[in-house]
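Okay, here's what each chain looks like letter by letter:
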Amino acid sequence: VPQGTTAAVAERFTVSWDRRDMPFDAHRGTFVTSTVEHVTARPLGGSGSTSDNPFSATNSEFLRWTSRLAGYVPLSKKGTTLAVSFRFGLNHQLTAGSRTYPDRLFFMGGMDSIRGFLQDSMIPEDVAHQLLAKGSTLTAESVLIRGGNFFVNPRVELRVPLYGSLQTALFVDAGNLWSRSPTESAI
């Protein structure tokens, strides 16, 4: 068995309630979804690494929980709509020494989260504090993985039709990302 090879099993359960008038470009209704995923991963041919290398095979067992609540309110007969959304996610480690694999981390930035950042480019808040610490040798370029174990992302959007299917929007995206979840102890 090659070193670093991992066997993983994931079970996922999703519940959704969709009362939107249209799945894309909704103008009225609500949408609620919540997913919980149980992930178990074990390195093949070894006991797993305890190094800080995020790419090394390690024993992992955690729950990955994501939820989204959204509401759409029509403000005029011409199609002006207020869209409000709140998303959050949490990776909760179930065993001591468990670590989230990079493909199960949460990423922020871009069209689906915070539009003021490049896609998946936001650095987690706790890592940003380390970057800004006096005497730190850590640089933004040296942060290999910009994902985290906990995020919140509230959004508000005012959609205004212009002509036909052409529309514009005023929006506020907010949110934050942390590499450590609230259930983990500090470094």
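Basis of the calculations
- Residues numbered from 1 in each chain as written.
- Predicted model: local features only at pLDDT ≥ 70, side-chain atom pairs only at ≥ 80, totals over all residues.
- Heavy atoms only, no water.
- Core = buried A, V, L, I, M, F, W, Y, C linked by side-chain atoms within 4.5 Å.
- Buried < 20%, exposed > 50% of the residue type's maximum accessible area, 1.4 Å probe, protein only.
- Contact = heavy atoms within 4.5 Å.
- Helix = DSSP H or I, 4+ residues; strand = E, 2+ residues; numbered from the N terminus.
- Polar contact = N/O pair within 3.5 Å; in protein donor to acceptor, adjacent residues only side chain to side chain.
- Pairing = 2+ DSSP bridges.

Participant: Sorry if this is basic, but what is going on with the nonpolar core here?
Facilitator: Generally speaking, soluble globular proteins have nonpolar side chains that are buried together. Formed by Phe-106, Met-108, Ile-114, Met-122, Phe-151 and Leu-177, the largest nonpolar core amounts to six residues. Beyond its immediate stretch of four places on either side in the chain, Phe-151 contacts Arg-87, Phe-88, Gly-89, Phe-106, Met-108, Asn-176, Leu-177 and Trp-178. Within the second largest apolar cluster, five residues are counted, among which are Phe-31, Ala-70, Tyr-72 and Ala-83.

Participant: What is the right way to read the side chain of Asn-153 from this model?
Facilitator: Within the secondary structure, Asn-153 is located in strand E5 (residues 150–163). For Asn-153, a relative accessible area of 0% corresponds to the buried category. For Asn-153, the side chain forms a polar contact with the main-chain oxygen of Ala-174, separated by 2.6 Å. Not counting residues up to four positions away in its chain, the partners in contact with Asn-153 are Ser-85, Phe-86, Arg-87, Met-108, Asp-112, Ser-113, Ile-114, Ala-174 and Gly-175.

Participant: Would you mind going over the environment of Glu-11 with me for this structure?
Facilitator: With respect to the secondary-structure elements, Glu-11 resides in strand E1 (residues 6–18). Classification of Glu-11 by relative accessible area gives partly exposed; the value is 41%. Along the chain, Glu-11 and His-38 lie 27 residues apart, while their C-alpha atoms are 5.3 Å from each other. Not counting chain neighbours up to four residues away, the residues in contact with Glu-11 comprise Val-36, Glu-37 and His-38. Only 2.8 Å separates the side chain of Glu-11 from the side chain of His-38, close enough to count as a polar contact.

Participant: Can you walk me through the pairing of E5 in this structure?
Facilitator: Every regular strand shows the same layout, with side chains that alternate between the two sheet faces. Relative to E5, strand E4 (residues 81–93) runs antiparallel, the two sharing ten bridges. From the neighbouring strand, Thr-81 faces E5, where its bridge partner is Arg-159. Bridge analysis of E5 against strand E6 (residues 166–173) gives eight bridges, and the strand direction is antiparallel. Paired with Arg-155 across the strands is Asp-173, a residue of E6. In textbook terms, the turn of a hairpin is the stretch between consecutive antiparallel strands, and for E5 and E6 this stretch comprises two residues, one of which, Gly-164, has a positive phi near 60°.

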